[in-house]
Amino acid sequence: KQIDLRGKPYIAILGSDIQTTVIIPSGSGTFDQLILGPTNEVSFLTLKGNNVAGYSAVSAPDVGQTVGSDFAQIHKISIYDYDYGIKVCADTANSTFYGEYVDINGSFSYGVYVSSSNNFTSLANVENYYLFPSNSSGIGNYAVGPSSSVSLYTGLFKGDNTAGSTAIKIEQGASLEAAGLDMQRWDYGVRVPAASPAPDFRIVGSMIHESNVYDFDVLNSSTRGRFQGVSNHSKINNNSPDFYWNFL
C-alpha cells in the first residue's frame, strides 16, 4: 500500500514512461502513497487512486536539515484522485521539495500543500505544473506557516467553476513566488485569509480569469503583495495598503 523511501538515500524509482507505468494501491486506507527522504527521486510514472481524507500521493516530510542541499524531487509524474497531491511538511526538520512536469487531476482537497512549524523551514518548488480538478471544491496550492514558502513557475491551473474552489491560498506568514501562471475558472484566484502573521506574495507574468467570485481576495491588512499580469479590476477585494497590482 505504501512505498517509503526514507532512510534509503540515493534511491530512485523510474518508470518506463508517464502513460504506461501506473502505481495503484492495493486497497484504500490511511496512508501516504509515496514518502520521500533526502536524495530520493521518482520519475516517469502515474500514481492513481487512494482518495482518503488527509493522505497524499507524494509526501516529503522533514526531508533534511540543510535547505537547498538535502531535498527530494519528482519529475514527469501524473497524479489522479488523491486527497492531497503533494504534501511538504517541516515539523522536526527542514524540508525541501522540487517537482517538474507534474499534473494533478480529479477530486482533491489540496493539489500542493506546504506547511511548517517549530521554526523549521518548508519549501516546495514546482515548475511546468498543471492542475485539472473535476467537481472539486479544493485548493490548488496552499502554504501555511511563517517558515513555509512555495514557488510556482510556468503552470496551468484549470478549474471547473466548482463553488468554494481556490487556485492559490496562503496564510499565517507563508510566502509565494510565482511566474508564468494561467489560473482560470476557480471560485477564487488568490486568497489571503485574515489570520496572522501576514503572508507575502509576488506573482509576475501571469493571468487570472473567469473567476466566479474574486481574482484576489486579500483579507489580512498587513499582507505584502505584488502582481503583474492579466486580471479583472472588478474582482479584487483588498484590505491591505501594501498590495500593488499592475495589469491589463
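Residues numbered from 1 in each chain as written. Predicted model: local features only at pLDDT ≥ 70, side-chain atom pairs only at ≥ 80, totals over all residues. Heavy atoms only, no water.

1. Examining the overall build of the protein chain
Then comes step 1: Of regular secondary structure, the protein chain possesses 0 helices and 21 strands.
Then comes step 2: The C-alpha atoms of the protein chain give 17 Å as radius of gyration, which agrees with the globular expectation for 248 residues (18 Å, within 12%).
Then comes step 3: The dimensions of the protein chain, computed from C-alpha atoms along their principal axes, are 50 × 35 × 30 Å.
Then comes step 4: Within the protein chain, buried positions represent 52% of all 248 residues.
Then comes step 5: Relative to all contacts within the protein chain whose residues are 6 or more apart in sequence, the contacts with residues 24 or more apart total 74%. (Helix = DSSP H or I, 4+ residues; strand = E, 2+ residues; numbered from the N terminus. Rg over C-alpha atoms; globule rule 2.2 N^0.38 Å. Buried < 20%, exposed > 50% of the residue type's maximum accessible area, 1.4 Å probe, protein only. Contact = heavy atoms within 4.5 Å.)

2. As for the pairing of strand β19 (residues 224–230)
Then comes step 1: Judged from the 7 bridges that link them, strand β17 (residues 200–209) and β19 form a sheet pairing that is parallel. Across the sheet, the residue bridging to Met207 is Val230, located in β19.
Then comes step 2: For β19 and strand β21 (residues 243–247), the ladder comprises 5 bridges, and the chain directions are parallel. Across the sheet, residue Arg226 finds its bridge partner in β21, namely Tyr244. (Pairing = 2+ DSSP bridges.)

3. A closer look at the pairing of strand β11 (residues 122–133)
Then comes step 1: When you tally the buried positions in β11, you get 9 out of 12 residues, the bulk of the element.
Then comes step 2: Sheet topology places strand β9 (residues 95–106) next to β11; 11 bridges connect them, and they run parallel. Bridging across to β11, Gly106 finds its partner in Pro133.
Then comes step 3: Where β11 lies against strand β13 (residues 148–158), 9 bridges are found, and the strand directions are parallel. Across the sheet, residue Glu127 finds its bridge partner in β13, namely Tyr153.

4. Some details on the environment of Asp17
Then comes step 1: Turning to its location among the elements, Asp17 is positioned in the loop between β2 (12–14) and β3 (22–23).
Then comes step 2: Here Asp17 falls in the partly exposed class, since its relative accessible area comes to 28%.
Then comes step 3: Taking the C-alpha atoms as reference points, Asp17 and Gly138, separated by 121 residues in sequence, lie 28 Å from one another.
Then comes step 4: Once you skip the residues sitting within four places of it in the chain, Asp17 turns out to touch Phe44 and Leu45.
Then comes step 5: A polar contact is formed between the side chain of Asp17 and the backbone nitrogen of Thr20, at a distance of 2.9 Å. (Polar contact = N/O pair within 3.5 Å; in protein donor to acceptor, adjacent residues only side chain to side chain.)

5. Quick word on unusual backbone geometry
Trans peptide bonds make up most of the peptide bonds, and negative phi angles are found at most residues other than glycine.
Then comes step 1: The step from Ser196 to Pro197 runs through a cis peptide bond, and the omega angle for that step is -5 degrees.
Then comes step 2: With respect to the helices, strands and loops of the structure, Pro197 is situated in the loop between β16 (188–192) and β17.
Then comes step 3: Positive phi values are uncommon outside glycine, yet Phe44 reaches one of about 60 degrees.
Then comes step 4: Here Phe44 is to be found in strand β5 (residues 41–48).

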